[in-house]
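Here is how the chains run, residue by residue.
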Amino acid sequence: MASNPMQQFTVHKIGPEIKIAGVDLSFTNASLFMIISASIILLFLFLGTRERKIIPDKIQLTAELFYNFVAKMISDTAGSKAKPYFPFIFSLFMFVLFCNMVGMLPYSFTVTSHIIVTLIMALFIFVAVTVIGFIKHGFKYLGIFVPSGVPAVLLPLITLIEIISYLSRPVSLSVRLFANMMAGHTMLKVFGGFVVSLGILGGWLPLSFSVALTGLEILVAFLQAYVFAILTCIYLNDALNLHH
Amino acid sequence: MKRLLGLSIALVAKRTDLFAAEAGMPQLDPTYWASQAFWLILVFTILYISISKFYLPKIKENLDNRERKIKEDLENASKFKEQSEAKLKEYQVILSNAKKEVAKIHIDSKNDLDKNIQAKKEVIDKEIEKELTKAQKEIIELKKNSISSIQNISENIALNIIEKISGDKLNQSSIKATVEDVSKKNVGKYL
């Protein structure tokens, strides 16, 4: 049924079934929109770096704006040691942002509204940050679970809490993005359904809500990409600069 | 907002019976999880490689270039400013020197002129004096000459008068002596 607000999140196969070693890796609408988002990013960066002028044109300026935005975000939160990870965080931010934004287009599919996608990204970040932490600091990295200046009585409890919070990072990171995207799109769909079902007489109120929500969702799309990237920076900062 | 969302979902559900047809979230259906993971990793890896190897260095290079250019231009500007200030100072020094020189030349030429005029004046004064003394001498000479010719004339006149009156010829030397005598007595009045 077309008016089911959850139906927009359905993944369906496009083209033939691809099975490798018994695992279904078929090309789906999710794959299609990942490729569309990535293509838009690459096209944008291609246009933004085609003519490298001293006085930039609009698209070059925008590309440089993104560059400086992410660079500043990294240097503010994780310091200069995080410079080697700049390309990754830039790619991550751009990918999440463009997936969110492409998802805002009507009849499109929001890649980041799927828990599996965000969880894989979050798990990769979690594992990578943990590995980086152990490579940089060895077993001293475990000191991240033992904050300094805590009374000895509370220390076991605090350490337990720290461990739980550390382990819940991938979950919170992935669920935050996925839930925000899903909730926003569901809400838009619901209000869209209201417009249709209440008809020409009563549909104006949900329509105006829909318009306002679209604006809000665009903000959320940007904000969640930013939050995703900045939390990655913060986790990276914990791994690079041991504070505890 | 959440209450609103719940309310709306409930309303829509009531109107359209949709949850009867398909309940739950498609996100939790694991059919395409592997596919999504595979494509995500593939697409993101390609994106990451092309961004990190190709686009970011380009942007960074351009930003660095611009920064360098701005820095260079600023440096050049300050250099040129210094240069122009130095030149201005130089110019002012030259100007003040020239002014001094002009004043000096002015004073010098004035002095020279004064001296020159003084010297010329002296020379002219001397010449005038010389001329004057010469003229006086000539006058005296003339006067002396005129006295002797006056004596001659008066001798002749006296000789003629005496001849006319008495008809005799008097001794010329005695007349001469008498005239000389008279003129000697009176010459002091004219010299």
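Residues numbered from 1 in each chain as written. Chains lettered and ligands numbered in written order. Predicted model: local features only at pLDDT ≥ 70, side-chain atom pairs only at ≥ 80, totals over all residues. Heavy atoms only, no water.

**Concerning the confidence of the model for chain B**
Residue and element names in this part refer to chain B.
Right, so step 1: The pLDDT averaged across chain B works out to 83; a share of 84% of its residues lies at or above 70.
Right, so step 2: Helix α2 (residues 18-21) is the least confidently modelled element of chain B, averaging 41 in pLDDT, while helix α3 (residues 33-166) averages 91, the highest of any element.
Right, so step 3: Below a pLDDT of 50 lies the segment residues 16-22, which in the model reaches 12 contacts outside its immediate sequence neighbourhood of four places, other chains included. (pLDDT = per-residue confidence, 0-100. Helix = DSSP H or I, 4+ residues; strand = E, 2+ residues; numbered from the N terminus. Contact = heavy atoms within 4.5 Å.)

**Section: the environment of Gly215 of chain A**
Residues and elements named next belong to chain A.
Right, so step 1: Checked against the element boundaries, Gly215 lands in helix α7 (residues 204-240).
Right, so step 2: Residue Gly215 is classed as partly exposed on the basis of its relative accessible area of 39%.
Right, so step 3: A C-alpha to C-alpha distance of 9.9 Å links Gly215 and Met104, two positions 111 residues apart in sequence. (Buried < 20%, exposed > 50% of the residue type's maximum accessible area, 1.4 Å probe, protein only.)

**A short note on the packing of aromatic side chains**
Centre-to-centre distance and the angle between the planes together describe a pair of aromatic rings.
Residue and element names in this part refer to chain A.
Right, so step 1: Within the structure shown, the criterion is met by 26 aromatic pairs over all chains.
Right, so step 2: With 6.4 Å between their ring centres and 35 degrees between their planes, Phe33 and Phe109 make a pair best called tilted. One end of the pair, Phe33, is in helix α1 (residues 29-50); the other, Phe109, is in the loop between α3 (86-103) and α4 (115-137), and 76 residues separate them in sequence. Take Phe33 and Phe109: they sit in the same class, and that class is buried.
Right, so step 3: For the pair Phe69 and Tyr226, a centre-to-centre distance of 5.4 Å together with 40 degrees between the ring planes defines the contact as tilted. Here Phe69, found in helix α2 (residues 58-77), pairs with Tyr226, found in helix α7; they are 157 residues apart in sequence, far enough to count as distant.
Right, so step 4: The class for Tyr226 is partly exposed, based on a relative accessible area of 26%.
Right, so step 5: Three or more aromatic residues joined by ring pairs make a cluster, and in this case those are Phe44, Phe66, Phe69, Phe93, Phe98, Phe222 and Tyr226. (Phe/Tyr/Trp six-rings, centres within 6.5 Å; stacked < 30°, edge-to-face > 60°.)

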